[in-house]
Amino acid sequence: MTDPRDLVAHEAALLDERRLDEWLALFAEDGHYWVPLLGAAQADPFSHNSLAYEDRLLLQLRVDRLKNPRAHSQHPASHSQHVLQPSRIEHESADEARLRTPFLYVEARGEDQILLSGTARHHLVRTPAGWLIREKRIDLLNAARALPAIQLFI
């Protein structure tokens, strides 16, 4: 993939297909997945709590838990659907790109379904193998409200 927008669409498809190991492989070794508690108003993950701030190790642990047949939170299994607006490239150079993608996210488990909306912000780095995710930030719309338990990755 040479166009960084293609990586964003591919990443969402991998999540929706529960191809979690392939999804995790999209993250650079120093990659992070971040869901700020304050949404777009939060400047960094260190000065305020976050819903999630996970490095590669924590992401691997969560993927392993989701795949484990004894994971009680996955009986019945959760499924997701990402509906993405076109990604907008905010910055691109030879080595990195920053994109902004408004989205709707639906997560279903049994009879329950949640709907979240917001903006995904990807900071990508170019490697010899192609683009990798250095940071994926999810700014939820109305993030400060009480949220249901989110089982998968937005």
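Reading the values: the criteria
Residues numbered from 1 in each chain as written. Predicted model: local features only at pLDDT ≥ 70, side-chain atom pairs only at ≥ 80, totals over all residues. Heavy atoms only, no water. Helix = DSSP H or I, 4+ residues; strand = E, 2+ residues; numbered from the N terminus. Rg over C-alpha atoms; globule rule 2.2 N^0.38 Å. Buried < 20%, exposed > 50% of the residue type's maximum accessible area, 1.4 Å probe, protein only. Contact = heavy atoms within 4.5 Å. Areas by Shrake-Rupley, 256 points an atom, 1.4 Å probe, with all protein chains shown as cover. Lys, Arg positive; Asp, Glu negative; His and termini not counted. Charge placed at Lys NZ, Arg CZ, Asp CG, Glu CD. Salt bridge = Lys/Arg side-chain N within 4 Å of Asp/Glu carboxyl O. Phe/Tyr/Trp six-rings, centres within 6.5 Å; stacked < 30°, edge-to-face > 60°. Patch = residues over 30% accessible without salt bridge, like charges linked within 9 Å, V, L, I, M, F, W, Y side chains within 5 Å.

A word on the overall build of the chain. Scanning the chain for helices and strands turns up three helices and seven strands. Secondary structure elements in the chain, listed N-terminal to C-terminal, are α-α-β-β-α-β-β-β-β-β. The globule rule puts the C-alpha radius of gyration for 154 residues at 15 Å, and the 15 Å found for the chain is close to it. For the chain, the C-alpha atoms occupy an extent of roughly 45 × 30 × 30 Å along the three principal directions. A buried classification covers 41% of the 154 residues belonging to the chain. Put simply, of all contacts in the chain between residues at least 6 apart along the chain, 58% involve residues at least 24 apart. When the accessible area of the chain is evaluated, it comes to approximately 8,300 Å², of which 53% is carbon and sulfur surface. Across the chain, 18 positive and 22 negative side-chain charges occur, with their mean positions spaced 3 Å apart.

A few words on the pattern of salt bridges. A side chain with one charge may pair with a side chain of the opposite charge, provided their charged atoms come close. By the definition in use, this model includes 13 salt bridges. For the salt bridge of Glu 11 with Lys 136, the shortest nitrogen-to-oxygen distance reads 2.9 Å. Here the residue Glu 11 occupies a position in helix H1 (residues 4-16), and Lys 136 occupies one in strand E7 (residues 130-140), the gap between them amounting to 125 residues. For the pair shown, Glu 11 and Lys 136 are each scored as buried.

We now examine the packing of aromatic side chains. The geometry of an aromatic ring pair is captured by two quantities: the separation of the ring centres and the angle between the planes. As enumerated under the stated definition, the model contains six aromatic pairs in all. Aromatic pair Trp 23 and Phe 27: ring centres 5.0 Å apart, planes at 75°, arrangement edge-to-face. Residues Trp 23 and Phe 27 agree in their burial class; the two are buried. Measuring from centroid to centroid gives 6.3 Å for Trp 23 and Tyr 33, while their planes differ by 85°, and the two rings are edge-to-face. With a gap of 10 residues between them, Trp 23 in helix H2 (residues 20-24) and Tyr 33 in strand E1 (residues 27-36) connect regions that are remote in the sequence.

Let's shift gears to the environment of Leu 132. Topologically, Leu 132 is positioned in strand E7. A sequence separation of 115 residues divides Leu 132 from Glu 17, and the C-alpha atoms of the two residues are 19 Å apart. Beyond its immediate sequence surroundings of up to four residues, Leu 132 is in contact with Ala 25, Leu 26, Phe 27, Ala 28, His 123, Leu 124, Val 125 and Thr 127.

This part takes up a nonpolar patch on the surface. Together, Leu 57, Leu 58 and Leu 61 give the surface a local cluster of nonpolar side chains, amounting to about 290 Å² of exposed area. Relative to the elements of secondary structure, Leu 58 occurs in helix H3 (residues 56-67). Judged by its relative accessible area of 40%, Leu 58 falls in the partly exposed class.

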